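# Breakdown of the fold
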Amino acid sequence: MPAKTHGRFRTLLVVSIAWVVLVGAGLGAALGQTVNTIRNENFTEFTAALPTKLYDVKGRLITEFYAEEKRSPVSIKELPPHLINAFITREDQSFYSHRGFTFKGLARAIFGKIIGRDLGGGSTITQQLAGTLYADRRDYSIKRKLVELWWALQLERRYTKDEILEMYLNRMVMGSGVYGVEAASNYFFGHSAKDCNSAESAILAIQLASPRKYDPYRNPANARARSKDILEQMVSHGMISKEEAESSFSTFWDSFDYTRVSASAYYMREDKAPWFSEYVRRQLEDMLYGSLDLYSDGLSVYTTLDLDQQEAADAYMKRGIEKANASFRNVSKQKFAYADSVYTPIVELLGLTFNLSPLFVSTSKNEAQAYSYYKTKLNPTLDALSLMFGMSDLKSLANAGTAKLKTDLEKSIVEGALVTIDNSNGYITALIGGSDYSMANQLIRATQSKIMPGSTFKPLYYSAAIDSQKLTEGTLIYDSPTVFYNQDGTPYMPMNFKGEWKGSVLAWQALAKSMNVPSVKVLQTVGFDAAIERAAALLGITDRNEIKKTFPRVYPLALGVIGVTPLQMARAYSVFATGGRAVTPLAIRYVEDRNGDVILEPEKDALEAQKGMGSKMQIVSPQNAYVMTDMMKRVVSSGTLAGSTQSGSLFKQTGPDGVSYTMPMAGKTGTTQNWADAWTIGFSPYYTTAIWLGFDRAGNTLGTEQTGATAAAPIWSNYMRDIHKGLPYKAFPKPQGGIASATVCATSGLLPTPYCDEGTVNLVYLDGTQPVKSCDIHKDKSLEAQELLNKLTGSGSTVDLPDVEGQGQSAGQGSNQGGGGSGPSSGQPRDGLDSTITMPDL
């Protein structure tokens, strides 16, 4: 052999050997990787994407959290044959005969890639599953197809066809954040995949090609046409009858809801307490930041919610909000009707007289009516038609109208919030953040909205006044028009509800009847420093900058002109219910991982934090809490809550032993300026509940007929009655000492005499502040007459008696012109002192 030829042969031999070695090594590595993967992976388990589950205080499931991988595995044996056939018809009609791939499909995909055209999917069901498990299906390359092919062969070697199909039906993306046929069926149809008819099965099958394009709620025209094609193919293959295909198709599309919006599966989840769940979710995201995935790590979250209380709260708030909106619409209609009949002709006349077109009310009115008709009548129809026929231009127009309608509704919709706290441990047992929870309504007003509390703020600084010993339940205060001057010299003149004035009243009456002028006088007497310090402590506000920002040092502060959340107000009132001890609102007790190991204990952390507070845990003294509770019990028995609670008898029940008792309740109503917000906050020895009704946007009014006492109080009363049913009687905590009670004259607040013919009342005091002086208003009538006669005759004064028409002069120049008499009953401070509050002599 020539040397040259021999050299070529040796070179070829070396290259061939090297090629064989490289290919062998590659095959060996690939096979090794395959063996290792098969040994270590169980394809039928879904531990990588388990949802987080929320449980209530009794261990009942509230909801599940999931995001991109909502999975609900189902056995192929449980699925109807027509569902399986729909997927095989759409994706891989030779599935049961090939070995993981088809030459025809593979060649089509490769040739399409070479010429740069989409010639249709070339992947079998096995290849699609392999690509989902081991490749990036967003990579449209030949390399990815070869990776799919390799792993498809391995899957076919290890699993049966039914096992592969079951994994496929449970793992593939089937919609926005939905994986698998079971989750998809619940998302689209509201029932299990086991119950899908032929038309619904076809809808699910087409989701694999393009979940966005064939989403029936996003593009119903596309979904309708493509699913019909699948059904026709199934008929031609003998999988279903023509009658079944036509019947199921008509049934589905004839009852299809074209108004439903396509949303993420997260917002379509079943949730028994969506507002509370969202509140918990936000807390968990902060707690788990950077460690675990809330949506896929299969956590178990044990919360404080009581689903029984939540159900009652949902029912009463739903009715209350609906009633408030109906009343608001009725009041608005009446105002517009009055303006239309009285002022419209005047404005129209001015416009015509001076040719001012903007004042042509009739024209403007017609335009407004036409616009309203378009928004409420035509626009929804256009929206549905655009979806049915896939008309994108019409859809854009409809969307614009919908957006405008939404903005208008936000300005005139009454919203509401409710939160209940267990006084013994701070558990949030019920929470409502608004009317209906949705993608468009996620503001948790109970915990996020800074709302003016109105008169429900009064007990917070009344508490400071009680401790100052400048005020007791029996302090006499004069209720009349009064001007107060702020530190900058600006005047402030508060008004009472409907402009009514009561004259001389006791402090407990001023709070029970929610009188404004006496309350401002209480703030004036105790001072801003003490009032703000006490309010901040009760609300749980400790940051000095936040305190300064929250509480303005002006007299409108007395009427709750600040911004606080309903949860903060509930916390403040619960302090009174617990005998003055701090309450930490809590929503999460503890969290377990998927293995059942406890990884978070917020309740334990809160208890340790409370222990670290030491004496600061006592926000107010037990004695102060007892006095304030007594004052607010009187709101229920004879104040603004008396109507909705039947003076407290609404809470009467009979125990298992047949003994009747009335659960003690205390609380306060509140209505802000211009009737914009309606509040009721109250508590029992067991629970504290705060309820608010109002608008998200300032400037609207609920109407004079909707106040805290008439709109919020009925909700609070009925709800509190229901959640206390079956609970044993429990009294408010009473301190061992430092408290005194006294029966006093109902008019003067002093010790009664035999002449106090206007009744008496038993009041509670801090020990040492109870009255020791007898009533100086009521006296023996005969002695009063004799004293007056002696005074007149002894001084030589003359008396001008009234004439027959009842007109005449008062006795002497020193008589009281304002009240027609003398003493406190005439409407002036006792002893003639020009003071805001007159204390009983101690």
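Structure shown above.
Residues numbered from 1 in each chain as written. Predicted model: local features only at pLDDT ≥ 70, side-chain atom pairs only at ≥ 80, totals over all residues. Heavy atoms only, no water.

## Points about the packing of helix α2 (residues 81–91) against helix α6 (residues 161–171)
At their nearest, the axes of α2 and α6 sit 12 Å apart, and the two run at 90° to each other. In terms of orientation, α2 lies roughly perpendicular with respect to α6. Residue-level inspection shows I84, F87, I88 and E91 of α2 in contact with α6, the latter providing L165, Y168 and L169. Considering only residue class, the contact of α2 with α6 consists of six nonpolar, no polar and one charged. (Axes fitted to C-alpha atoms, helices over the stretch in contact; angles between N-to-C directions. Helix = DSSP H or I, 4+ residues; strand = E, 2+ residues; numbered from the N terminus. Parallel < 35°, antiparallel > 145°, perpendicular 65-115°, else oblique. Contact = heavy atoms within 4.5 Å. Nonpolar A, V, L, I, M, F, W, Y, C, P; charged D, E, K, R; others polar.)

## Things to note about the packing of aromatic side chains
Tallied over the entire structure, the rule returns 22 aromatic pairs. Each ring, one from Y573 and one from F683, has its centre 6.3 Å from the other, and the planes form 75°; the classification is edge-to-face. Taken together, the residues span a long stretch of sequence, with Y573 in helix α21 (residues 566–577) and F683 in strand β18 (residues 677–683) at a distance of 110 residues. Here the two residues Y573 and F683 agree in accessibility, since each one is buried. Since its relative accessible area comes to 0%, F683 is described here as buried. Cluster of aromatic residues (ring-pair linked, three or more members): Y187, F188, F189, F249, F252, W253 and F256. (Phe/Tyr/Trp six-rings, centres within 6.5 Å; stacked < 30°, edge-to-face > 60°. Buried < 20%, exposed > 50% of the residue type's maximum accessible area, 1.4 Å probe, protein only.)

## Description of the sheet that holds strand β1 (residues 52–55)
In space, the five strands of this open sheet follow the order β2-β1-β6-β13-β14, with mixed pairing throughout. With partners counted over all chains shown, the strands left at the sheet margins are β2 (61–65) and β14 (598–600), one partner each. Going from strand to strand, the sheet's axes swing by 25° on average, the running direction of each strand aside. Pairing between β1 and β2: four bridges, direction antiparallel. Paired with L54 across the two strands is T63, which belongs to β2. With respect to the sheet, helix α11 (residues 274–287) is in contact with β1, β2, β6 (300–303), β13 (588–592) and β14, its orientation differing from that of β2 by roughly 50°. (Pairing = 2+ DSSP bridges.)

## Section: the pattern of salt bridges
A complete count under the given rule lists 23 salt bridges for this structure. For R282, the salt bridge goes to E278, with nearest N and O atoms at 2.8 Å. Of this pair, R282 and E278 both sit in helix α11, four residues apart, which is roughly one turn of that helix. In this structure E278 comes out as buried when scored by relative accessible area, which is 1%. Across the pair E322 and K318 runs a salt bridge, and its minimum N-O distance is 2.8 Å. Pair noted here: E322 and K318 are both in helix α12 (residues 307–342), with a separation of four residues, about one helical turn. A residue is classified by how much of its surface remains accessible, and E322, at 43% relative accessible area, is partly exposed. (Salt bridge = Lys/Arg side-chain N within 4 Å of Asp/Glu carboxyl O.)

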